[in-house]
Amino acid sequence: MELSEEDLALIHALQIAPRLSWQDASRVLGVHATSLAARWERLRSAGASWVTAHLVGDPKQMCLALVDIDCEMHRRAEVTAALAALPAVVTIEEAASNRDLMLTVITPSLEEFSAGVVTRLKDVDGLLKNQASLCTRLHSGGDAWRLNVLDRTQRAALRAVAGPEASGLMPAERAGPPLPASHLALLPFLSRDGRATAAEIARALGRHPATVQRQLNRVLASGMLSFRCEVAQKYSGFPVTCQWFANVPAGQHEAAAAALRSLRNVRLSASTTGRTNFVIIMWLHSLAEVMNAELALRQRVPGIELAESVVMLSTVKRVGWMLNPDSTASGSVVVPAHGLDLAD
């Protein structure tokens, strides 16, 4: 499968506004709404792109951990499958050096990470060692990464017509009682298809469409979900993932993060605990670009020390979605019990 410029433009539009209506997209992209819907269905069916939603927690309470895993070599597939089944393990990547797997783990609290995840890691047969770096501040995540296809005018027009519901940025309601189970039942459908309509969810749940529409409106208004449009990395133009473990001088982390936002390759930047205090993840055109990226990091961030770089061989799971070896979506989704608007 090859992606055309029109395909990439549609994906970029949905990165900006994941729940954008085809009518609104049509006015900006200049393509008939029916054609856009058919194009999206082709992309989604092929696993080339998908829209998902995940829970957003309180950043002051939630725990994001980047976990290195060593395992018995002949049992790597078995260990990977066991880890992928854990909802708290939202992303799994196979590393080229110094560890076998790298996990992104999200839990509601540090206590739950320790009791609910670390304890379970110890029970995975074939897993030899794990070591975690804890995120103390997330500066940017994969949800903010964009294809560079649409021009500035188109991007502004999309933001103008989308509105908060389509962009997945609904203003949160004032603190109130937790959503009832009837509302929470919608979340798995939105994890599997972030563009799911009330009518589609109603048919699946056997409920009246008007009832589900009211429930969906309240779920969106609660601010508990973050929507994102993903693209298979092979089609992004940046097939190589590299992660750097770095040290940034104390008091300069915010300035470093601001400088990194001008680099469109950056998928994640975060302050962490551990042997180093800063993590950067980039998508690159090729392995040859690793050196160029390191030069750019040193030029943009004064005083940064790049302690280690790790190239990823493959991504097995990304934000709950299981991926095929070629980076396309398999269609299998492990719905997280909890989540946070971060993670690569």
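J.: I'm lost on the overall build of the chain in this one. Help?
T.: When helices and strands are tallied, the chain shows 13 helices and 12 strands. At 20 Å, the chain has a C-alpha radius of gyration in line with the 20 Å of a compact globule built from 344 residues. For the C-alpha atoms alone, the extent of the chain along its principal axes is close to 50 × 45 × 40 Å. Looking at the 344 residues of the chain, the share that counts as buried comes to 53%. Long-range pairs, those at least 24 residues apart, make up 77% of the contacts in the chain with a sequence separation of at least 6. A total of about 15,400 Å² of accessible surface is found on the chain, and carbon and sulfur atoms cover 53% of it. The averaged location of the 33 negative side-chain charges in the chain is 6 Å from the averaged location of its 34 positive side-chain charges.

J.: Where do I start with the pattern of salt bridges in this structure?
T.: For side chains of opposite charge, pairing can occur when their charged atoms come near one another. The final tally for this structure, using the stated rule, is 15 salt bridges. Arg 39 is the partner of Asp 7 in a salt bridge, and the nearest nitrogen-oxygen pair spans 2.9 Å. Here Arg 39 lies in helix α3 (residues 33–45) and Asp 7 lies in helix α1 (residues 5–16), a separation of 32 residues in the sequence. Arg 267 is the salt-bridge partner of Glu 230, the closest N and O atoms lying 3.6 Å from each other. Taken together, the residues Glu 230 in strand β6 (residues 225–231) and Arg 267 in strand β8 (residues 266–272) connect sequence positions 37 residues apart. The burial state of Glu 230 is the same as that of Arg 267; both residues are buried.

J.: Help me out: how do you make sense of the nonpolar core in this one?
T.: Where a protein is soluble and globular, its nonpolar side chains tend to be buried together. Within the largest apolar cluster, 31 residues are counted, with the highest numbers of intra-cluster contacts made by Leu 10, Trp 22 and Trp 40. Looking at which element gives the most residues to this core, the answer is α1, with 7 residues. Among all residues touching Leu 10, those that are not within four sequence positions of it are Trp 22, Leu 29, Leu 36, Arg 39, Trp 40 and Leu 43. Counting residues in hydrophobic clusters, the runner-up holds 24 residues, among them Ala 88, Leu 103, Val 105 and Leu 121.

J.: How do you make sense of the packing of aromatic side chains when you look at a structure like this?
T.: Aromatic rings in a pair are described by how distant their centres are and how their planes are angled relative to each other. Scanning all chains against the criterion turns up 3 aromatic pairs. Each ring, one from Trp 145 and one from Phe 238, has its centre 6.0 Å from the other, and the planes form 90 degrees; the classification is edge-to-face. Placement of the pair is Trp 145 in the loop between β5 (127–140) and α6 (152–167) and Phe 238 in the loop between α11 (233–236) and β7 (240–247), with a sequence separation of 93 residues. On the accessibility criterion, Trp 145 (4% relative accessible area) is buried. Linked through ring pairs, Trp 145, Phe 238 and Trp 283 together constitute an aromatic cluster. One residue, Arg 195, lies across the ring of Trp 22, its end atom 4.1 Å from the ring centre. Here Arg 267 stacks its cationic end above the ring of Trp 283, 4.0 Å away from the centre of that ring.

J.: Would you mind showing me how to read α1 here?
T.: In an α-helix, one full turn covers 3.6 residues, which means residues spaced three or four apart are oriented alike. For α1, spanning 12 residues, the distance from its first C-alpha to its last is 17 Å, which sits close to the expected 16 Å at 1.5 Å a residue. With 10 of its 12 residues buried, α1 lies for the most part within the structure. Residues of α1 that are buried: Asp 7, Leu 8, Ala 9, Leu 10, Ile 11, His 12, Ala 13, Leu 14, Gln 15 and Ile 16.

J.: Where do I start with the pairing of β5 in this structure?
T.: The two faces of the sheet receive side chains in turn, since in a regular strand these alternate between them. Pairing between strand β2 (residues 63–71) and β5: 7 bridges, direction antiparallel. The residue bridging Asp 68 from the neighbouring strand is Gln 131, located in β5. Of the strand pairs in this sheet, β5 and β8 are connected by 4 bridges, and their pairing is antiparallel. The residue bridging Cys 135 from the neighbouring strand is Thr 272, located in β8.

J.: I tried to follow the packing of α1 against α3 on my own but got confused; where do I start?
T.: The relative placement of two packed helices comes down to the angle between their axes together with the axis-to-axis distance. Interhelical geometry of α1 versus α3 gives an angle of 90 degrees and a closest axis separation of 11 Å. Relative to α3, the element α1 lies roughly perpendicular. Packed against α1, whose contacting residues are Glu 6, Asp 7, Leu 10, Ile 11 and Leu 14, the element α3 presents Leu 36, Arg 39, Trp 40, Arg 42 and Leu 43 at the interface. Among the residues making up the contact of α1 with α3, the classes are represented as 6 nonpolar, no polar and 4 charged.

J.: What's the story with the packing of helix α9 (residues 198–205) against helix α10 (residues 209–221) in this structure? I'm lost.
T.: Running from N to C, α9 and α10 cross one another at 115 degrees; their axes reach a closest spacing of 8 Å. α9 and α10 meet at a crossing whose hand is right-handed. Contacts between α9 and α10 involve Ala 198, Ile 201 and Ala 202 from the former and Pro 209, Val 212, Gln 213 and Leu 216 from the latter. By residue class, the composition of the contact of α9 with α10 is 6 nonpolar, 1 polar and no charged.

J.: Explanation requested: the pairing of β6 in the structure shown.
T.: A large share of β6 lies buried, amounting to 7 of its 7 residues. By the alternation rule, side chains of β6 split into Leu 225, Phe 227, Cys 229 and Val 231 and Ser 226, Arg 228 and Glu 230, which are all buried. Pairing of strand β1 (residues 49–55) with β6, which is carried by 7 bridges, proceeds in the antiparallel orientation. The residue bridging Val 51 from the neighbouring strand is Cys 229, located in β6.

J.: Any chance you could explain the state of the cysteines here in plain terms?
T.: Here, the word disulfide means a covalent bond between the sulfur atoms of two cysteines. Using the criterion set out here, one finds 0 disulfides in the structure. Lacking any disulfide linkage, Cys 63 is separated from the closest cysteine sulfur, that of Cys 135, by 8.7 Å.

The rules behind each value
Residues numbered from 1 in each chain as written. Predicted model: local features only at pLDDT ≥ 70, side-chain atom pairs only at ≥ 80, totals over all residues. Heavy atoms only, no water. Helix = DSSP H or I, 4+ residues; strand = E, 2+ residues; numbered from the N terminus. Rg over C-alpha atoms; globule rule 2.2 N^0.38 Å. Buried < 20%, exposed > 50% of the residue type's maximum accessible area, 1.4 Å probe, protein only. Contact = heavy atoms within 4.5 Å. Areas by Shrake-Rupley, 256 points an atom, 1.4 Å probe, with all protein chains shown as cover. Lys, Arg positive; Asp, Glu negative; His and termini not counted. Charge placed at Lys NZ, Arg CZ, Asp CG, Glu CD. Salt bridge = Lys/Arg side-chain N within 4 Å of Asp/Glu carboxyl O. Core = buried A, V, L, I, M, F, W, Y, C linked by side-chain atoms within 4.5 Å. Phe/Tyr/Trp six-rings, centres within 6.5 Å; stacked < 30°, edge-to-face > 60°. Lys NZ or Arg CZ within 6 Å of the ring centre and 35° of its normal. Expected span 1.5 Å × (residues − 1). Pairing = 2+ DSSP bridges. Axes fitted to C-alpha atoms, helices over the stretch in contact; angles between N-to-C directions. Parallel < 35°, antiparallel > 145°, perpendicular 65-115°, else oblique. Nonpolar A, V, L, I, M, F, W, Y, C, P; charged D, E, K, R; others polar. Left-handed = near helix turned anticlockwise from the far one by under 90°. Disulfide = S-S within 2.5 Å.

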